[in-house]
Amino acid sequence: MAGQVTIRPETHRDYKEIISLVLRSFQEGTDYSDGTDILALIEEIRDSAYHIPELSFVAEENGKIVGHFMFSRFPLSPTAEGGHGPARDAETVLLAPVSVHAEHFRQGIGKTMLSLGIERARESGYKGIILEGDYHYYNRLGFKTSAGYGIYPTSGYPMKEPRCMMCQETYPGALQDIHGFVVYDMYFNA
């Protein structure tokens with residue numbers, strides 16, 4: 001990493017800078033989004049019962065926001081068709097979205113952000129973390145294909161194959177009795 005990175009909870013004052021960061025991160029770092037859908041998802045999460053303000057973070061370097069990520073409550077659906085219990089009863093969280101400023105790609109900022117975030121989710125009492133993304137990257141951070149835990153994908157993009165839906169237990173055996181389907185029917189923009 002180029003300098004000292006600090007991870008802290010996001011505040012309302014950060015929102016404008018987060019918008020710029022997310023747009024540039026997805027425009028330059030993906031082939032599936034220009035970032036506008038990701039910003040809509042962020043707003044949708046913030047306005048929902050699933051939002052966990054204390055688990056929404058920014059990464060700063062020299063006073064500039066260089067990363068953003070958030071966890072939200074994510075109850076699994078008992079069926080592939082959808083429907084789940086109340087957000088407050090969720091034992092798992094969704095890690096999404098994750099953004100690093102394009103000028104800071106491949107500098108270890110994502111790994112630093114997520115290592116702290118995973119620890120905070122563990123400390124908050126959640127049993128597992130679910131995400132959809134590049135399995136080559138997230139496997140290095142301890143995430144494994146979710147089907148191995150009895151948690152199955154139902155839809156989504158960029159998910160090109162089942163290995164893109166991943167989970168991580170917050171402690172060994174935490175997901176042993178948790179099974180279901182990842183259905184994004186609580187979000188229009190997911």
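In short, a report on the structure. (Residues numbered from 1 in each chain as written. Predicted model: local features only at pLDDT ≥ 70, side-chain atom pairs only at ≥ 80, totals over all residues. Heavy atoms only, no water.)

Section: the overall build of the protein chain
In terms of regular secondary structure, the protein chain is built from four helices and nine strands. When the helices and strands of the protein chain are listed from N to C terminus, the series reads β-α-α-β-β-β-α-β-α-β-β-β-β. Relative to the globule expectation of 16 Å for 190 residues, the C-alpha radius of gyration of the protein chain, 16 Å, shows essentially globular dimensions. Put simply, the protein chain has 190 residues, and 49% of those count as buried. In the protein chain, once contacts between residues fewer than 6 apart in sequence are set aside, the share between residues at least 24 apart is 71%. Of the roughly 9,300 Å² of accessible surface on the protein chain, a fraction of 51% belongs to carbon and sulfur atoms. In the protein chain, the 17 positive side-chain charges and the 25 negative ones have mean positions that sit 5 Å from each other. (Helix = DSSP H or I, 4+ residues; strand = E, 2+ residues; numbered from the N terminus. Rg over C-alpha atoms; globule rule 2.2 N^0.38 Å. Buried < 20%, exposed > 50% of the residue type's maximum accessible area, 1.4 Å probe, protein only. Contact = heavy atoms within 4.5 Å. Areas by Shrake-Rupley, 256 points an atom, 1.4 Å probe, with all protein chains shown as cover. Lys, Arg positive; Asp, Glu negative; His and termini not counted. Charge placed at Lys NZ, Arg CZ, Asp CG, Glu CD.)

Here we look at the side chain of S72
By secondary structure assignment, the location of S72 is in strand β3 (residues 64-73). For S72, a relative accessible area of 0% translates into the label buried. The contact partners of S72, leaving out residues within four places of it in the chain, are I45, Y50, I52, T92, V93, L94 and Y187.

So, the sheet that holds strand β6 (residues 144-145)
Spatially, the seven strands line up as an open sheet ordered β1-β2-β3-β4-β5-β8-β6, and their pairing is mixed. Pairing within the sheet leaves two strands with one partner each, and these edge strands are β1 (5-9) and β6. As paired elements, strand β2 (residues 51-61) and β3 share seven bridges and run antiparallel to each other. Looking at β3, one finds that E60 is bridged to I65. (Pairing = 2+ DSSP bridges.)

Here we look at the packing of aromatic side chains
All told, the structure shown has six aromatic pairs when counted by the stated rule. Plain terms: the ring middles of F57 and F69 are 5.0 Å apart, the flat faces sit at 25 degrees to each other, and that makes the pair stacked. Of this pair, F57 sits in strand β2 while F69 sits in strand β3, placing them 12 residues apart in sequence. Both residues of the pair, F57 and F69, count as buried. Among the aromatic residues, those joined into a cluster by ring pairs are F57, F69 and F71. Taking the ring centre of Y15 as reference, the NZ or CZ of R46 above it sits at 3.6 Å. (Phe/Tyr/Trp six-rings, centres within 6.5 Å; stacked < 30°, edge-to-face > 60°. Lys NZ or Arg CZ within 6 Å of the ring centre and 35° of its normal.)

Remarks on the environment of K127
Of note, K127 is situated in the loop between α3 (109-123) and β5 (128-132). Measuring from C-alpha to C-alpha, the distance between K127 and Y171 comes to 7.1 Å, with 44 residues separating the pair along the chain.

A closer look at α3
Between the first and last C-alpha of α3 there are 21 Å, a value that for 15 residues agrees with the 21 Å anticipated at 1.5 Å per step. Those residues of α3 not exposed but buried are I109, G110, M113, L114, G117, I118 and A121. Along the axis of α3, the buried positions cluster into a sector of 150 degrees, meaning they face one direction only. Opposite its buried face, α3 presents the exposed residues K111 and E123, each directed more than 90 degrees away. (Expected span 1.5 Å × (residues − 1). Arc of directions from axis to C-beta.)

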